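Chain and residue survey
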2 protein chains.
Amino acid sequence: MPRPSEDELIATFFAPLAAPGGLGLRDDAAILPEMPGQDIVATTDMLAAGVHFFPDDPPGAVARKALRVNLSDLAAKGAEPRGFLLGLALPEDLTADWLAGFAQGLREDAAAYKCPLLGGDTVKSPGPLVISITALGAVPEQKLVPRKGVAAGDLLYVSGTIGDAALGLKLRLDPVRSEPWAKRISQADAAYLAERYLLPQPRLCLREALRAHAHAAMDISDGLAGDLEKMLKLTGMTARIMAADIPLSSAALRLVQRSPLLLEPILTGGDDYELICAVPPSESEAFETKAKAAGVPVRAVGTAEQGEIPPVFKDREGRALIFARPSFRHF
Amino acid sequence: MPRPSEDELIATFFAPLAAPGGLGLRDDAAILPEMPGQDIVATTDMLAAGVHFFPDDPPGAVARKALRVNLSDLAAKGAEPRGFLLGLALPEDLTADWLAGFAQGLREDAAAYKCPLLGGDTVKSPGPLVISITALGAVPEQKLVPRKGVAAGDLLYVSGTIGDAALGLKLRLDPVRSEPWAKRISQADAAYLAERYLLPQPRLCLREALRAHAHAAMDISDGLAGDLEKMLKLTGMTARIMAADIPLSSAALRLVQRSPLLLEPILTGGDDYELICAVPPSESEAFETKAKAAGVPVRAVGTAEQGEIPPVFKDREGRALIFARPSFRHF
């Protein structure tokens, strides 16, 4: 397939994903009709090839991850997706087949998450592929769940399981399995962890539970340890957390039981895209019930308390874990 | 100044530009409170160094252009700016001084256009600087001015003057003034045209006139000839336009009088960021009065008529002008 022009690219690949408000992607802008009683929530994430994804990742997966990391931010705010804008800086050597795969992945997720394409811009670039997505969502008036708001005594909940993506990334970076722990992993576990890195699961189903019961929430993109610290310090909070209480997948659990040092990348690696939130104890039962009904596993991993220090993670013997690098940096 | 971390970058340079809804740029997302009776208008534009601006352009001008091209899209829809999200893919060698200049330019325009920063994302990139801006605006319910809507008989108006930026770009690409026309240009004219390329003027002041009187509008980013064609063909329209009726700055007029071939880049070059709009004759007087009150010069350059061909530009002798490349492509 020859490389299409910008107009062909839009008409062929992206116009089929467009919402009515996208005006066929043939206008200067998109329209999002007034939503009475709803505030707009907006978030943006940029992904560069070689930094946020591997240039040889399947194009559909790259597209889906780019959208999902934005949906994860909307989820953390208790918001419902309404649509997104897409910016693409395309290197010359990107093929039409790659773009077709990218658009197909985007289309599937736009439909699955009811988050249609509203508009975009496509430019050529002498550098690597850069994807910029801005997602727009809606939240009932004044019900946005902030990052800042943890109070002393709040239970700190984590959704899903932590560290799978960091382990998946380690495996991806070590294709010949040179590390001892990687040599012994089962194919099924390796595939599971690789998938968790490739395709995060935005926890949008938690939005009502968060809006109803959480004082604060954020999504974990740069590692649980660093992101929890960011959320806690906004209100002068800290926490003591038993590492054994952190929810792990059975794949991660099997690895860490044999190689305890993997606890560090599990707690500090990036790309979890799970949520952390703070819920007052009086609401914890109701929160857990709603989360269960929404089909999202959540687990309380500690209690917020006043203090200026970063949250302390302890091992089974009560010793504080010291991390070389508390937070993953995409920057 | 050493290169700051992402958190320092945001806190130092960008947090001072943030709207209250930007939540201090320390949350996952921004909030735009409900605006009763207003629809949201969203637009996004991406700019890559070496494609949309020169790597040695002043950083403040790069920032302002990146914001203004988005504001120009809002202007074309009759919308009022409400805020923007900023994505930056930063090469390793970008200095803190450059970033300080960039943030300062952004700050000035965010204030001047009442369009505060709502959020953003900053990533490292192995390639050139890529800037992605998504601007959000508001328009009274169902009053968005579409691109599609030109009716037969509508007068076709152009704001400001056409072609200055294309000439400014030509001069920029020819610093030794090798072309005959460029040798003879006055310093003042050269500076004027360079500035028109560097800093577009989004015609936001026209928004009320457009909403009240225009059937359709768009901004001219890829050349008058090609963009007018795009707008007209959405409703099966064409037009005959006398090139002599196109509003030119006195700098451009002096050049084209001596070098008539410059008419081609004037009509087909990019980066005008003026508006074209279609106004029924019964409303033209009212439209012109409102535009004048808003301080934006507008001029009718032709009349829309049914037809499948691209608009025809004619010289003083009535001969149709044939362009080698009807539309400028950033792609």
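Residues numbered from 1 in each chain as written. Chains lettered and ligands numbered in written order. Predicted model: local features only at pLDDT ≥ 70, side-chain atom pairs only at ≥ 80, totals over all residues.

1. Some thoughts on the packing of helix α1 (residues 6-14) of chain B against helix α3 (residues 96-112) of chain B
Geometrically, a packed helix pair is captured by the angle between its two axes and the distance between the axes. Residues and elements named next belong to chain B. Convention followed: Under this scheme, a helix contributes an axis fitted over its contacting stretch, all axes are lines through C-alpha atoms, and angles between N-to-C directions fall in the 0 to 180 degree range. What counts as a helix is a DSSP run of H or I of at least four residues, what counts as a strand is a run of E of at least two, and both are numbered from the N terminus. Geometric relationships in this document are graded by angle, where less than 35 degrees denotes roughly parallel, more than 145 denotes roughly antiparallel, 65 to 115 denotes roughly perpendicular, and other angles denote oblique. Here a crossing is taken to be left-handed if its near helix is turned anticlockwise relative to the far helix by less than a right angle, and right-handed if that turn runs clockwise. We call two residues in contact whenever the C-beta atoms placed from their backbones are within 7 Å.
At a minimum axis distance of 10 Å, the contact between α1 and α3 shows a crossing angle of 45°. The orientation of α1 with respect to α3, classified from their angle, is oblique. Of the two elements, α1 crosses α3, and the hand of that crossing is right-handed. In this structure, α1 uses L9, F13 and F14 to contact α3, whose residues at the interface are L99, A100 and A103.

2. Overview of the confidence of the model for chain A
Segments scoring low in pLDDT should not have their predicted coordinates read at a detailed level. As a reminder of what qualifies: The score called pLDDT rates the predictor's confidence residue by residue, from a low of 0 to a high of 100.
Looking at chain A as a whole, the pLDDT averages 93, with 97% of positions reaching at least 70. In the model output, the complex is listed with pTM 0.94 alongside ipTM 0.93.

3. Focus: helix α1 (residues 6-14) of chain A
Every α-helix winds through 3.6 residues per turn, so residues three or four apart in the chain are directed the same way. Residues and elements named next belong to chain A. Formally: Residues with at least 20 other C-beta atoms within 10 Å of their own are called buried, those with 12 or fewer are called exposed, and the rest are partly exposed. The C-beta atoms themselves are positioned from the backbone. Each C-beta atom gives one direction from the helix axis, and the arc is the one those directions make.
Those residues of α1 lying buried are I10, F13 and F14. The arc that holds the buried residues of α1, viewed along the axis, is 105°, so those residues lie on one side. Residues of α1 that are buried make contact with α3 (96-112) and β4 (117-124).

4. A look at the interface of chain B and chain A
Formally: Here, strands pair whenever DSSP counts at least two bridges between them.
Taken together, the contact between chain B and chain A spans 56 residues of the former and 56 residues of the latter. Broken down by element, the side of chain B that touches chain A gets its largest block of residues, 10 residues, from strand β2 (residues 38-48) of chain B. Pairing of strand β1 (residues 30-32) of chain A with β2 of chain B, which is carried by three bridges, proceeds in the antiparallel orientation. The residue of β2 of chain B that forms the bridge with A30 of chain A is A42 of chain B.

5. Here's the deal with the nonpolar core
To keep things clear, this is the line we draw: What we call a nonpolar core is a set of buried Ala, Val, Leu, Ile, Met, Phe, Trp, Tyr and Cys residues whose membership is set by joining through C-beta atoms within 7 Å.
By size, the foremost hydrophobic cluster in this structure holds 216 residues, and its most contacted members are I276 of chain A together with I276 of chain B. Leave out the neighbours within four places in its chain, and I276 of chain B touches L156, Y157, V158, A217, M218, I220, D227, L228 and M231 of chain B.

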